[in-house]
Amino acid sequence: EDSGRSVFIVTDYLGNYTLLTSGGTWRISINPQSSPALWSYLEAPPTVIFADDLTSEEKTVDFTVTVTDARVSGFIYNSNGIPPPENTAWVSLRQKDTAVYGAPVYGFQGQVYSSGFFEIPVTAGTYELSVETKDSNLIVPQLPLITLLNGEFKEIGNIILIKPPKKVTGMVRYDDGRRVSD
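Keep in mind it's a predicted model, so treat the numbers as computed, not measured.

A. Region of interest: the overall build of the protein chain. On a plain count of helices and strands, the protein chain comes out with zero helices and eleven strands. Overall, the protein chain shows an N-to-C arrangement of helices and strands of β-β-β-β-β-β-β-β-β-β-β. For the protein chain, the C-alpha radius of gyration of 21 Å lies well beyond 16 Å, the compact-globule estimate for 182 residues. Across the 182 residues of the protein chain, 26% fall into the buried class. The contacts in the protein chain between residues at least 6 apart in sequence include a share of 63% that link residues at least 24 apart. Working note: accessible area of the protein chain is about 12800 Å², and carbon and sulfur atoms make up 51% of it. Put simply, the protein chain has 14 plus and 21 minus side-chain charges, and the middle of one group is 13 Å from the middle of the other.

Here it is as structure tokens:
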């Protein structure tokens, strides 16, 4: 966290890992290697702090994950009917009413492929689908809540991104009236 560096490791077949790092503050996060994932971690990444020197230290961080036995899938298309380019759109499911402005919300993530197809592994529950895109000229229309039972696979069809119907304009200035250009 202090340095902005990341270190990636893979667990062994028993789920054990060893992360070697330097001193400083580290947020430890886990992500499944397979897609679609068979599990999800829904908590904030724990923070580990080591002295910023060369003394030997060791700390233990264990994770408890949730088995994802249900799935939501569908397709995302731009307003022209073409899928967004790969790595420009992201989908997630968040439990209904868990979003609090300014607070991190952890949910189930899914990848949007170049065909527009996405699949999100989840557990039973009622969710809000969130779609984010790099194209600020497109937004997601109002979508209904998605309710899943244990082991249920739900295909929600096509989601067509639309041009935003509302606009906010304005200007940014310094306190002396000069315009800010960046």
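Right, picking up where we left off after that structure.
B. Broad picture of the sheet that holds strand E5 (residues 70-77). Here seven strands make up an open sheet; going across it, the order is E10-E9-E6-E7-E8-E5-E11 and the pairing mixed. The open sheet terminates on both sides in strands that have one partner only, identified here as strand E10 (146-148) and strand E11 (153-160). For this sheet the average axis-to-axis angle between neighbouring strands, irrespective of direction, equals 25°. Of the strand pairs in this sheet, strand E6 (residues 89-95) and strand E9 (residues 125-133) are connected by seven bridges, and their pairing is antiparallel. Across the sheet, residue Ser-92 finds its bridge partner in E9, namely Ser-130.

C. Region of the structure containing the confidence of the model for the protein chain. Looking at the protein chain as a whole, its pLDDT mean stands at 87, while 91% of the residues score no less than 70. At the low end of the mean pLDDT range in the protein chain sits strand E2 (residues 39-40), at 84; at the high end sits E11, at 96.

D. How the structure looks around the pattern of salt bridges. Here the structure, examined in full by the defined rule, presents three salt bridges. Arg-94 is paired through a salt bridge with Glu-132; the nearest N and O atoms lie 3.9 Å apart. Of this pair, Arg-94 sits in strand E6 while Glu-132 sits in strand E9, placing them 38 residues apart in sequence. Overall, Arg-94 belongs to the partly exposed group, its relative accessible area being 24%. A relative accessible area of 45% places Glu-132 in the partly exposed class.

E. View of the nonpolar core. Core analysis: the biggest nonpolar cluster contains 19 residues, and Ile-76, Val-91, Leu-93, Phe-118, Ile-120, Val-122 and Leu-129 have the highest contact counts within it. Where this core is concerned, the elements lending two or more residues are E5, E6, strand E7 (108-112), strand E8 (117-122), E9 and E10. Those residues in contact with Val-91, other than ones at most four positions away along the chain, are Ile-76, Phe-108, Gln-109, Gly-110, Gln-111, Val-112, Phe-118, Ile-120, Leu-129, Ser-130 and Val-131. One finds Ile-28, Phe-50, Val-61 and Phe-63 within the second-largest nonpolar core, a separate group that totals seven residues.

F. Region of the structure containing the packing of aromatic side chains. Using the criterion set out here, one finds six aromatic pairs in the structure. When the centroid spacing of 5.7 Å and the interplanar angle of 85° are considered together, the rings of Phe-108 and Tyr-127 count as edge-to-face. One end of the pair, Phe-108, is in strand E7; the other, Tyr-127, is in strand E9, with 19 residues separating them in the sequence. For Tyr-127, a relative accessible area of 0% puts it in the buried group. An aromatic cluster of at least three residues, connected via ring pairs, comprises Phe-75, Tyr-77, Tyr-113 and Phe-117. Over the aromatic face of Tyr-174 sits the side chain of Arg-178, whose NZ or CZ is 4.5 Å from the ring centroid.

G. Looking closely at the pairing of E8. Strand direction decides the pairing type here: E5 and E8, joined by six bridges, are antiparallel. Across the sheet, residue Val-72 finds its bridge partner in E8, namely Ile-120. Between E7 and the antiparallel strand that follows it, E8, lie four residues; Gly-116 among them carries a positive phi value of about 95°.

So, how was this worked out
- One numbering rule holds for all chains: residues counted from 1, following each sequence as written.
- Given that this is a predicted model, residues contribute local features only at a pLDDT of at least 70 and side-chain atom pairs are listed and counted only at 80 or more, while totals for whole chains, interfaces and linings are drawn from all residues.
- Side-chain descriptors were evaluated using all non-hydrogen atoms of the structure, hydrogens and water having been removed beforehand.
- Helical segments are the DSSP runs of H or I of at least four residues, strand segments are the runs of E of at least two, and each set is numbered from the N terminus.
- The globule rule used for comparison is 2.2 Å times the number of residues to the exponent 0.38, while the radius of gyration itself is calculated over C-alpha atoms.
- Between buried and exposed lies partly exposed: a residue is buried under 20% and exposed over 50% of the maximum accessible area for its type, with that area taken using a 1.4 Å probe on protein chains only.
- Contacts are residue-level and defined by heavy atoms, with any inter-residue pair within 4.5 Å sufficient.
- Here the accessible surface of atoms and residues is derived via Shrake-Rupley with a 1.4 Å probe, and residues count as covered only by protein chains that are part of the display.
- Counted charges follow a simple rule, with Lys and Arg positive, Asp and Glu negative, and His plus the chain ends left uncounted.
- A charged residue contributes its charge at one atom only: NZ of Lys, CZ of Arg, CG of Asp or CD of Glu.
- Pairing between strands is defined by DSSP: at least two bridges between them are needed.
- Fitted lines through C-alpha atoms serve as axes, helices being fitted only where they are in contact, and the angles separating the N-to-C directions of these axes extend from 0 to 180 degrees.
- Per residue, pLDDT captures the predictor's confidence, and it can take any value from 0 to 100.
- Definition used for salt bridges: Asp or Glu carboxyl oxygen within 4 Å of a side-chain nitrogen of Lys or Arg.
- Buried residues of nine kinds, namely Ala, Val, Leu, Ile, Met, Phe, Trp, Tyr and Cys, make up a nonpolar core once their side-chain atoms join them within 4.5 Å.
- Pairs were defined over the aromatic rings of Phe, Tyr and Trp, the Trp ring being its six-membered one, requiring ring centres within 6.5 Å. Orientation was assigned from the angle between planes: stacked under 30 degrees, edge-to-face over 60, tilted for the rest.
- Both a distance and an angle decide whether a charge sits over a ring: NZ of Lys or CZ of Arg must be within 6 Å of the ring centre and within 35 degrees of the ring normal.

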